[in-house]
Amino acid sequence: MPIRLLVITAFVISIAAFVHHTDESAVIRINLMGYRPNSPKIAVWGNLSKQTISTFQLFNEQTQQPVKEWPSGKAFGAYGPFQQTYRLDFSDFQKPGRYYLQADDGTRSPSFRIDEDVYKGAADFCLRYMRQQRSGFNPFLKDSCHTHDGYTLYGPMPDSTHIDVVGGWHDASDYLQYVTTSANATYHLLAAVRDFPNAFTDAYQANGLTGSNGLPDALDEAHWGLDWLLKMHPTENWLFNQLGDDRDHAGMRIPKEDNFYGKGLERPVYFATGQPQGMFKYKNRATGVASTAGKVSSALSLGYQLLRNRQPDYAQKLRQRSQSAYQLGLQKPGNCQTAPGRAPYFYEEDNYVDDMELAAVEQLNLLKAADQQAKQLQKTALDFARHEPVTPWILNDTARHYQWYPFVNVGHAELAKKLPANQRKTVTDFYKKGIETVWNRARQNAFYRGVQFTWCSNNYTASFATQCFWYRQLTGDNQFAALEQANFDWLFGCNPWGTSFVYGLPANADTPSDPHSAFTHLKQYPIDGGLVDGPVKGSIYKNLIGITLYQPDEYAAFQSDVAVYHDDYGDYSTNEPTMDGTASLIYLLAAKQAERLTPPVKGTKPKQETRPALKRLQPTKSDPKSTYFKGARIRGDTTARRLALVFTGDEFADGSSLIARTLQAHDVRASFFLTGRFLRNPAFRPAIDQLAREGHYLGPHSDQHLLYCDWRKRDSLLVSHEQFIADLRANYAALARFRQTPVTKRIFLPPYEWYNDSIAAWTTAEGIHFINYTPGTLSHADYTTPDDRNYRSSDTILQSIRTYETSHISGLNGFILLMHIGTAPSRTDKLYTHLDTLLTEFQQKGYQFVRIDAL
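Model, not experiment: these values are computed from the prediction.

Regions of empty space are outlined by a rolling probe, equal in size to a water molecule, passed over the atoms. Throughout the structure, instances matching the rule amount to 9 cavities of 30 Å³ or more. Its boundaries defined by the atoms lining it, the largest cavity holds a volume of some 110 Å³. Mapped by element, the contributors of at least two residues to the lining of the largest cavity are helix 2 (179-195), helix 4 (290-307), helix 6 (353-364) and helix 9 (410-418). Split by residue class, the lining of the largest cavity holds 6 nonpolar, 5 polar and 3 charged.

Here we have 4 strands laid out as an open sheet, ordered 10-13-12-11, and mixed in their pairing. The open sheet is flanked by strand 10 (151-153) and strand 11 (177-178), the only strands paired with a single partner.

Here helix 21 (residues 794-807) contains 14 residues, and its C-alpha end-to-end distance of 20 Å stays within 8% of the 20 Å for a straight helix at 1.5 Å per residue. Those residues of helix 21 that fall on the buried side of the exposure criterion are Ser-794, Ile-797, Leu-798, Ser-800, Ile-801, Tyr-804 and Glu-805. The buried residues of helix 21 occupy an angular sector of 155° when the element is viewed end-on, so they sit on one face. Helix 21 presents Asp-795, Thr-806 and Ser-807 as exposed residues on the side facing more than 90 degrees away from its buried surface. Of the surrounding secondary structure, the elements contacted by the buried residues of helix 21 are strand 15 (632-635), strand 21 (816-820) and helix 22 (835-844).

Attention now goes to the nonpolar core. Phe-200, Trp-393, Phe-492, Leu-505, Leu-585 and Leu-589 are the most contacted members of the largest nonpolar core, which has 153 residues in total. Core analysis: the second largest hydrophobic core is formed by 55 residues, Ile-634, Ala-760, Trp-762 and Phe-770 among them.

Let's shift gears to the pairing of strand 4 (residues 66-71). Of the strand pairs in this sheet, strand 3 (residues 55-60) and strand 4 are connected by 5 bridges, and their pairing is antiparallel. Each residue of the ladder has a partner; that of Thr-55, found in strand 4, is Pro-71. The antiparallel hairpin formed by strand 3 and strand 4 contains 5 residues in its connecting segment, where Gln-64 sits at a positive phi of about 60°.

With that out of the way, let us pick up the packing of helix 5 (residues 312-331) against helix 6. Look at helix 5 against helix 6: their axes get within 10 Å of each other, and the N-to-C directions meet at 140°. Viewed along their axes, helix 5 and helix 6 adopt a mutual orientation that is oblique. Handedness of the helix 5/helix 6 crossing: left-handed. Note on element contacts: helix 6 touches helix 5 through Met-356, Ala-359, Ala-360 and Gln-363, opposite Ser-322, Gln-323, Tyr-326, Gly-329 and Leu-330. For the contact of helix 5 with helix 6, a count of residues per class yields 5 nonpolar, 4 polar and no charged.

Chain-level statistics for the chain give a pLDDT mean of 90 and a share of 93% at 70 or above. Low confidence marks residues 1-23, where pLDDT is under 50. Its contacts with residues over four positions away, or in another chain, come to 64 contacts.

The description of an aromatic ring pair uses the distance of the two centres, along with the angle that the planes make with each other. Inspection of every chain in the model, using the stated rule, returns 53 aromatic pairs. An angle of 45° between the planes, with centres 5.7 Å apart, marks the rings of Phe-90 and Phe-112 as tilted. In this pair, Phe-90 sits in the loop between strand 5 (84-89) and strand 6 (97-103) while Phe-112 sits in strand 7 (residues 112-114), placing the two residues 22 residues apart along the sequence. Phe-112 matches Phe-90 in its accessibility class, with the two residues each being buried.

Here the focus is the side chain of Thr-437. Of note, Thr-437 is situated in helix 10 (residues 421-442). On the basis of relative accessibility, which here comes to 17%, the residue Thr-437 falls in the buried class. Among residues more than four places away in sequence, those in contact with Thr-437 are Ile-394 and Leu-395.

What follows covers the packing of helix 11 (residues 457-475) against helix 15 (residues 579-594). Where helix 11 contacts helix 15, the axes come no closer than 9 Å and their chain directions differ by 35°. As for the relative orientation of helix 11 and helix 15, their crossing is left-handed in sense. The segment helix 11 lies against helix 15, with Asn-459, Ala-462, Ala-465, Thr-466, Phe-469 and Trp-470 engaging Asp-580, Gly-581, Tyr-587, Leu-588 and Ala-591. The residue inventory of the contact of helix 11 with helix 15, partitioned by class, reads 7 nonpolar, 3 polar and 1 charged.

The subject of this paragraph is the sheet that holds strand 2 (residues 42-47). Spatial strand order, 1-2-5: 3 strands in an open sheet with antiparallel pairing. Every interior strand has two partners, whereas the edge strands, strand 1 (26-29) and strand 5, have only one. With strand direction ignored, the average angle separating the axes of adjacent strands in the sheet is 20°.

On to the pattern of salt bridges. Enumeration according to the criterion identifies 42 salt bridges in this entry. Its salt-bridge partner being Arg-685, residue Asp-689 comes within 3.6 Å of it at the nearest N-O pair. On the criterion of helical spacing, the pair formed by Asp-689 and Arg-685 is a turn pair, its members being 4 residues apart in helix 18 (residues 685-693). The class for Arg-685 is buried, based on a relative accessible area of 15%. Here the residues in one salt-bridge network are Arg-194, Asp-195, Glu-414 and Lys-417, joined through shared partners.

Rules of the game
- Residues numbered from 1 in each chain as written.
- Predicted model: local features only at pLDDT ≥ 70, side-chain atom pairs only at ≥ 80, totals over all residues.
- Heavy atoms only, no water.
- 1 Å grid on protein atoms, 1.4 Å probe; cavity = no way out; pocket = protein on both sides within 12 Å on 5 of 7 lines; lining within 4 Å.
- Points joined across faces, edges and corners; volume = space filled by probe spheres on them.
- Helix = DSSP H or I, 4+ residues; strand = E, 2+ residues; numbered from the N terminus.
- Nonpolar A, V, L, I, M, F, W, Y, C, P; charged D, E, K, R; others polar.
- Pairing = 2+ DSSP bridges.
- Expected span 1.5 Å × (residues − 1).
- Buried < 20%, exposed > 50% of the residue type's maximum accessible area, 1.4 Å probe, protein only.
- Arc of directions from axis to C-beta.
- Contact = heavy atoms within 4.5 Å.
- Core = buried A, V, L, I, M, F, W, Y, C linked by side-chain atoms within 4.5 Å.
- Axes fitted to C-alpha atoms, helices over the stretch in contact; angles between N-to-C directions.
- Parallel < 35°, antiparallel > 145°, perpendicular 65-115°, else oblique.
- Left-handed = near helix turned anticlockwise from the far one by under 90°.
- pLDDT = per-residue confidence, 0-100.
- Phe/Tyr/Trp six-rings, centres within 6.5 Å; stacked < 30°, edge-to-face > 60°.
- Salt bridge = Lys/Arg side-chain N within 4 Å of Asp/Glu carboxyl O.

Encoded structure:
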């Protein structure tokens, strides 16, 4: 849900029965739902001081007698509010019953169950929240709302044209509706029915009222989503993206009729144009429609597969619209972001290949037989998979709001199922790489927490646990089972605050009681099954607008700069439930209920918690024949008549076609260092694909083209180590979308060609070679414009290169000659138009132009 600026009135609410005792210095955090007999069973002991423990015991709750004792294991040290922590591993105990843990310092955990059916009915329970989020007829209220939707904006029809888009789900505690989240939620519900049909009962009708109708309730709920997606994609060429905007945030209310959008009771419905949108001051950065179209296509295809025998006519319509949505995604590649209103906040989705990968796989499922078309679709899906092998938030360990969405690449799992066994590993290794990346962060703390604390951290957590589950199911590799379980346990109480993040689940335990929701705030309606956003970094929380806590913070002792969570209506950042996050959790809960874990063979010791080794890259070594400045290699071997031609790119790519043709004509391979912004620009994609295809080196140039250090005081850093690494990894994530010839070295050229010793050290510590251009010529000044006092014409630049070559004994040997792939339009004298002359002249002098990794 988008950030909102609210004027919130204070209110009094009775405090829940399960208030934390903040005077406790030590606590034991557990999964309040309980544990399966054969699953990993971990609790975390944490102390607000530096006290330690040696052992812990499991007690039978009924008899109050200890049944087994274990050593506490290694101390993990400080995390969040805790000065000392331990992971209490009691996985080898399997007898069903009710128990509690007690450490040798006297600290006692809440009671919990060990039983095969501890998760039974949990997925069904969370469907309550989905039904409560329905727009149109709302079965919880037994009333209708938003029945006049809506009037069009940005479409091929005149603005304010009425179109029937009544239905779907409200996004969160506001009443906006987005196709991107709705399609993802619909797919997860359908997949849960397909994969775990026995996890759901049939207690509700299609309209959400009680009563059986012969269908699993999750399928009824998914059907509600499918109906709305068809309305938002009503013809082959029409695709709408959003219903309502942040004018919705004028105040809290029970959903009924909104009359503040300027056209009676209708709400605006935004057409997916693939261009930036925003009716007021602020605009999004949309670049295409594929991210939305791909999700819609996948959901409609899976709906067709599940309903074709039950509702053939309806299913056929799903099939047709799935195919047309897929074609729209191919025709308009790029990211379809939501439109801001009066505030600058929106869903900033910056990737789409994951959505198109899944859509391509689901198109395979619409074919009646394997043929050439099927082979092509499989190849297309695999190409998309290779462009984004790891979901970018994992590599970046940060993200803007919904920047990389969905938070798990569903396409990898579905594609792996389609591939022959000997090819499946390629895709499952993509999952593995992401899991290992998170594991390398998680292994440092007792909670095995490696998922970021950005907004909607619980959605990320559920998604990552699902990725671990899919990887384990597809490969049989159990080495990450403890990490998977830790993420699941986190959602239900094994976290610093000791609370489940799902309203009312489990019953009689600490769960949200004062969420940011009009239903609870205005009417005290329970929002059973809703997954709240979850903790955010302390730094994020401190900078949010309009947050006021209206009750004493029962978790005050457990807040920290690492993460903050409040069960308070006033904290919309951590305690607001979301529809799509809940749908993702429903799939995970269904998987947990349906899974049957194999017990260890009798007489053998159960396996201890596995901890995969951290793969560390070796720092790069200096080359004695090269020249270095402040840690960067600025020149290669000066005894060899070779040089590297290097181009950088961020905003402009106007020279790309001519440069590529000229290099090809001279049989020269150059090197291109491109920012993440450049790589994600769909207009530049054909050029990048061509450069990769023709064998040029592609490397990073900073994701956001950051300035690392002060221009006048070089030693003064303008970025932290964390910011530097996050930005560099984001750049590599963007590079991963392009298939290039194998590189022997990972090489980085800094933005603005400006850096200091710290930047060099951070780069080499990552196992990446750090370079910069060779000083002495003016080639790098080809970006200057006539209104710049440092402007240099192309003739001046070329003469500087010739002068250097003739006036130095070593000439241009080992040179890293830097130019730009494009420049501002105001520079009409483009240096790249002289590239043919430059190459001809120096090739005739016997120089060999090589890629940077061969220099």
